[in-house]
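Now for the letters of each chain:
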Amino acid sequence: MKQVNCDVSGVGFSINPLNNDYDEAVITSNFGLGESVVGGIITPDEYIVNKISKKVITEKLGSKDKIVKLNEDNGTSILEQNSENQKKSSLSKEQIIQIVDKIIVIENSYNVPIDIEFGIENDILYILQARPITTYNKLPEEFLTKPNEQRQLYFDVTVGVQGFEEPMTTFGSDVFKLVIHTLAKLIPGIENIDNLKESAFDGIGGKLLLNLSNVMTNRFITESEEYIQKNIDSNVPIFTIFEHLFNNLVTYFRSYAIPVLAYGIFFGYMKLKNLFEPYLKDNSELRQDFNNLIKCFPFVTILMGLDTYKLSTYLDKNEYKNKTQDEFYQDFLDRKFPKEFYNEFETFMKKYGFRGEGEIDIVNKRYSENPKTIINQVFSALLEYDESNNPQKDFDDTNTNRPEIFRKLYKFASKKGFASEFEKAYFFTVNFFQYRESHKYYIVFVIGSVRKLILKRAEVLLQRNLIDDIDDIFKLKIKSLDHILENVDVITKEKVGNKIHEDNKCREIVTTWKRQPIMFDSRGRIFSHERKEASKKNQLIGDSVSYGKVRGKAKVLKTVNEKVFNPGEILVTKATDPGWTPLIINCGGIILEVGGMLQHGALVSREFNKPCVVGIENITNIIKDGEEIEVDAIEGIITLLDREE
């Protein structure tokens, strides 16, 4: 065996390790032996190549100040690189493409992404080693387009809106697939609404994915043009064609979702924000007035938070201020609270018992099954608030004073020349914005109700030893579970297991992802949000969605019940859903990894005057539990007070 005395050597990847793009090869190289590249001795040259077009996308020359060469007798030496080689590319364009061609051949042979080590001696390319890449986001076939096909751009609702750390269950995403499919029959009439590549949305592999490539096209126009073309030579009367088109258009717009989103959000709240935002940062009085104008609307999740506080008013703070959360919960279970509390709690459960943390996934328990989350928040509210300082008073006062605040801001708008726009946007906000989350409330009601039915029916599968755990049923699709229940007398455990494996295969792939990106495409590319650099080492920059400034101890949570949350602590988490509302009421401020001005956490933070900054990637790993931080939700800056500036 001969040692290759490389003129140039390096490493190649068949997938871009930075953004997960399947169609990009990445090569790093240096003159001499590969030890300088693999061992991190130097900054190598880097080339990113499109595997389809064979074009070099980027070429970045490294410092290459060292070179590793074979000794004449034995071993290797690290030498200074001559200045000429430091400034020039270690690979020619032809060599780059030759390496990429070899990478593609090897990748296709093994049918997995690979990385290679290569060397070039006397213009002969040697592949020294090849091994599979394991740390990448593998796309299920259902997500994937072929290399030469038009890419599809997906937005992951479970990550970008709900903030899920893991995919939903197979059954949970299948429920939402059914929800969207049913809605599609009533609204736009698009048959493939729940087909990921053909239309706008699909629930698959534990993901709720919006296909932005299709959403961004006008499907109504496309469908109408196809209908007209189909009937050009038909005997269908023109009136009937008009009627058909108008009926489709009216059906599309008649849903309550349209006035809620269009009027309440776009023509109401967002219009108000755009009108006033240029003046808010440098005017604290205006900022306070504007915040009071747009908060304390009767969102269903806000009402749930207020009802949680109401439960605490039936209890004596002095009796529990020296007790632990667990002792408080045990008193609840032992029915040591006043009778009036339990009467009110029963009413609370009738309204919200079907809700809970991660409520859109049917696998997750509801408050009615595990009331500890709510009782813990009642405990926090009991310690945090009193008669003169409570969220119900703030809610009532804000609604009483809103007309007066409007008149004050109307004068300001008149001076700035946008009074008419302000009045119209205010009307839409007051009349429609409060319904923003109502549709979700009813969807979750259905999910919670059906969960009870499913769990009841699935008991027979446990009794007959067809499954090992009741939650195994949520690894199935809806029709699969129906089939198993219909054939429970003849089906075997092996067949049930095979069906679970088949239905859950896509989710199992997604669960292996090291990163849960908000946006990626059908060839694996992950799109990251570039953010401004802070001026100090101990600062992070995000987006302010609820103005204010607060200092306190950070409480980093992945789930609502992960650990005890003390009143006044600053909540740091990925995202929130309505299950977090009672906890938000008691926090000092909020930092969210994902979300925007209309994400649940942003809305609730504004309602209860909690400073909130969102959109700081990996924040739950950067901030340590218990460290002192400042949330400046005026400038959008998080300061880690215990760390070096």
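Going by the structure above, here's the rest.
Computed from a predicted model, the values in this text were never measured in an experiment.

K.L.:
Help me out: how do you make sense of the overall build of the protein in this one?
P.N.:
Along the backbone of the protein there are 23 helices and 21 strands. In the protein, buried positions account for 50% of the 645 residues. Residue pairs at least 24 apart in sequence account for 64% of intrachain contacts in the protein once pairs closer than 6 positions are excluded. Surface summary for the protein: the accessible area is close to 32,400 Å², and the carbon and sulfur share equals 51%.

K.L.:
It is not clear to me how the sheet that holds strand β2 (residues 24–31) should be interpreted in this structure. Could you clarify?
P.N.:
Pairing between the strands of a sheet is mediated by backbone hydrogen bonds and can be parallel or antiparallel. Pairing within the open sheet is antiparallel, and its six strands lie in the order β4-β3-β2-β1-β7-β8. Pairing within the sheet leaves two strands with one partner each, and these edge strands are β4 (56–60) and β8 (124–132). Between one strand and the next, the sheet's axes are offset by a mean angle of 15°, whatever the strand orientation. Sheet topology places strand β7 (residues 114–121) next to β8; eight bridges connect them, and they run antiparallel. Within the sheet, the bridge partner assigned to Phe118 lies in β8 and is Ile127.

K.L.:
What am I meant to see in the nonpolar core here?
P.N.:
A general tendency of soluble globular proteins is for nonpolar side chains to be buried together. By size, the foremost hydrophobic cluster in this structure holds 54 residues, and its most contacted members are Phe328, Phe341, Leu461 and Ile473. Contributions of two or more residues to this core are made by α5 (170–186), α11 (300–312), α13 (325–333), α14 (339–352), α15 (372–384), α18 (438–463), α19 (478–486) and α20 (493–511). Here this core gets seven residues from one element, more than from any other, and that element is α18. If sequence neighbours within four positions are ignored, Ile473 has contacts with Phe171, Ile454, Leu455, Ala458, Leu461, Ile467 and Leu481. With 48 residues, the next largest nonpolar core counts Tyr309, Phe395, Leu557 and Trp580 among its residues.

K.L.:
What am I meant to see in the packing of aromatic side chains here?
P.N.:
How two aromatic rings sit relative to each other is given by the distance of their centres and the angle of their planes. One pass over the structure, following the stated rule, counts 39 aromatic pairs. Here the aromatic rings of Phe332 and Tyr342 are separated by 5.9 Å at their centres, their planes lie at 25°, and the arrangement is stacked. With Phe332 in helix α13 and Tyr342 in helix α14, this pair connects stretches of sequence that are ten residues apart. In this pair, the class of Phe332 matches that of Tyr342, namely buried. By relative accessible area, Tyr342 is classed as buried at 8%.

K.L.:
Would you explain a nonpolar patch on the surface in this entry?
P.N.:
Together, Ile124, Tyr126 and Leu128 make up an exposed nonpolar region whose accessible area comes to about 260 Å². By secondary structure assignment, the location of Leu128 is in strand β8.

K.L.:
Help me understand the sheet that holds strand β12 (residues 519–521) in this model?
P.N.:
Reading across the sheet, the five strands line up as β10-β11-β9-β12-β13 and stay open at both edges, with antiparallel pairing between neighbours. Every other strand in the sheet has two partners, leaving β10 (201–204) and β13 (526–527) as the edge strands with one partner each. Here β12 pairs with β13 via two bridges, running antiparallel. Bridge pairing in β13 links Met519 to Phe527.

K.L.:
Before we go on, may I ask you to explain helix α16 (residues 391–416) in this structure?
P.N.:
Three- or four-residue spacings in an α-helix give side chains the same orientation, since the helix completes a turn every 3.6 residues. Largest kink in α16: about 45°, centred on Arg402, with the proline Pro403 one to four residues after it. Taken together, the buried positions of α16 are occupied by Pro391, Phe395, Thr398, Arg402, Ile405, Phe406, Leu409, Phe412 and Ala413. Between the side-chain oxygen at the start of α16 and the backbone nitrogen of Gln392 there is a gap of 3.1 Å, and the oxygen is on Asn390. Looking one or two residues beyond α16, the residue adopting positive phi is Gly417, at roughly 90°.

K.L.:
Teacher, can you tell me more about unusual backbone geometry here?
P.N.:
What you tend to see is this: most non-glycine residues have negative phi, and most peptide bonds are trans. Non-glycine residue Lys64 carries a positive phi angle of around 45°. Here Lys64 lies in the loop between β4 and β5 (66–70).

K.L.:
What's the story with the pattern of salt bridges in this structure? I'm lost.
P.N.:
A pair can form between side chains of opposite charge whenever their charged atoms are brought close. All told, the structure shown has 43 salt bridges when counted by the stated rule. Of the charged contacts, one joins Lys54 and Asp101 as a salt bridge, the two residues approaching to 2.7 Å between their closest N and O atoms. In this pair, Lys54 sits in the loop between β3 (45–50) and β4 while Asp101 sits in helix α3 (residues 93–110), placing the two residues 47 residues apart along the sequence. Where Lys323 meets Asp331, a salt bridge forms, and the shortest distance between an N and an O atom there is 2.9 Å. Note on Asp331: relative accessible area 7%, which makes it buried. Residues joined in a network through salt bridges with shared partners are Asp21, Asp23, Glu24, Arg151, Asp521, Arg523 and Arg525.

K.L.:
How should I be thinking about the packing of α11 against α14 in this particular structure?
P.N.:
Look at α11 against α14: their axes get within 10 Å of each other, and the N-to-C directions meet at 165°. In this view, α11 runs roughly antiparallel relative to α14, as classed from their interaxial angle. The interaxial crossing formed by α11 with α14 has left-handed handedness. Contacts between α11 and α14 involve Val300, Leu303, Met304, Asp307, Thr308, Lys310 and Leu311 from the first element and Phe341, Glu344, Phe345, Phe348, Lys351 and Tyr352 from the second.

K.L.:
Can you help me understand the pairing of strand β21 (residues 637–640) in this one?
P.N.:
Side-chain direction in a regular strand flips from residue to residue, so the side chains alternate between the two faces of the sheet. With three bridges joining them, strand β14 (residues 539–541) and β21 adopt antiparallel strand pairing. Bridge pairing links Gln539 to Thr639 in β21. Two strands pair when backbone bridges link them, and strand β20 (residues 628–632) and β21 are joined in this way by four bridges, in the antiparallel orientation. The residue of β21 that forms the bridge with Val631 is Ile638. Between the end of β20 and the start of β21, which pair antiparallel, lie four residues, with Gly636 showing a positive phi angle near 80°.

K.L.:
Would you explain the packing of helix α10 (residues 284–294) against α16 in this entry?
P.N.:
α16 packs onto α10 with a crossing angle of 130° between their chain directions and a minimal axis gap of 9 Å. As judged from the angle between their axes, α10 and α16 are oblique. Seen from above, α10 lies across α16 with left-handed handedness. On α16, the residues touching Glu285, Leu286, Asp289, Phe290, Asn292, Leu293 and Ile294 of α10 are Thr398, Arg402, Ile405, Phe406, Lys408, Leu409 and Phe412. Tallied by class, residues from the contact of α10 with α16 come to eight nonpolar, two polar and four charged.

K.L.:
What is the right way to look at the side chain of Glu630 in this model?
P.N.:
As for its position among the elements, Glu630 is in strand β20. Glu630 sits in the buried class, given a relative accessible area of 14%. For Glu630, the side chain forms a polar contact with the side chain of Arg551, separated by 2.9 Å. Apart from residues lying up to four places away in sequence, Glu630 is in contact with Lys549, Val550, Arg551, Ile637, Ile638, Thr639 and Leu641.

K.L.:
Even after reading the chapter, I still don't get the environment of Val450, so can you show me in this structure?
P.N.:
Assignment of secondary structure puts Val450 in helix α18. With relative accessibility at 35%, the residue Val450 sits in the partly exposed group. The spatial distance from the C-alpha of Val450 to the C-alpha of Val175 is 9.9 Å, given a sequence separation of 275 residues.

About the thresholds
- Residue positions are counted from 1 within each chain, in the order its sequence is given.
- Given that the model is predicted, a residue must reach a pLDDT of at least 70 before its local features are reported, and side-chain atom pairs must reach 80 or more before they are shown or counted; all residues, however, enter totals for whole chains, interfaces and linings.
- Hydrogens and water molecules were not included; the side-chain quantities draw on all heavy atoms of the structure.
- Every helix listed is a DSSP run of H or I at least four residues long, and every strand listed is a run of E at least two residues long, numbered separately from the N terminus.
- The rule is simple: take the accessible area with a 1.4 Å probe, protein chains only, and divide by the maximum for that residue type; under 20% is buried, over 50% is exposed, in between is partly exposed.
- Residue contacts follow a heavy-atom distance rule, with two residues in contact if any of their heavy atoms lie within 4.5 Å.
- What sets the accessible areas is the Shrake-Rupley method with a 1.4 Å probe; for residues, cover comes only from the shown protein chains.
- Paired strands, in this sense, are two strands between which DSSP finds at least two bridges.
- Only the contacting stretch of a helix is used when fitting its axis, a line to C-alpha atoms as for every element, and angles between N-to-C directions run 0 to 180 degrees.
- The set of buried Ala, Val, Leu, Ile, Met, Phe, Trp, Tyr and Cys residues whose side-chain atoms join them within 4.5 Å is what this entry labels a nonpolar core.
- Working definition: rings of Phe, Tyr and Trp (its six-membered ring) pair if their centres are within 6.5 Å, and the pair is stacked with planes under 30 degrees apart, edge-to-face with planes over 60 apart, and tilted otherwise.
- What makes a patch is a set of residues exposed beyond 30% relative accessible area and free of salt bridges, joined within 9 Å when like-charged and within 5 Å when nonpolar (Val, Leu, Ile, Met, Phe, Trp, Tyr).
- Just to be clear on terms, a salt bridge is a Lys or Arg side-chain nitrogen sitting within 4 Å of an Asp or Glu carboxyl oxygen.
- In this analysis the local bend is the angle between axes fitted, respectively, to the seven residues ending at and the seven residues starting at the residue.
- Throughout this description, a polar contact denotes any pair of N or O atoms lying within 3.5 Å of each other; where both atoms belong to protein, one of them has to be capable of donating a hydrogen while the other can accept it, and for residues adjacent in sequence the pair is counted only when both atoms sit in side chains.
- Between 65 and 115 degrees an angle is taken as roughly perpendicular, under 35 as roughly parallel, over 145 as roughly antiparallel, and anywhere else as oblique.
- In this scheme the handedness of a crossing depends on how the near helix is turned from the far one: anticlockwise by less than a right angle means left-handed, clockwise means right-handed.
- Residue polarity follows a fixed list, in which Ala, Val, Leu, Ile, Met, Phe, Trp, Tyr, Cys and Pro are nonpolar, Asp, Glu, Lys and Arg are charged, and the others, Gly among them, are polar.

These figures capture arrangement, not role.
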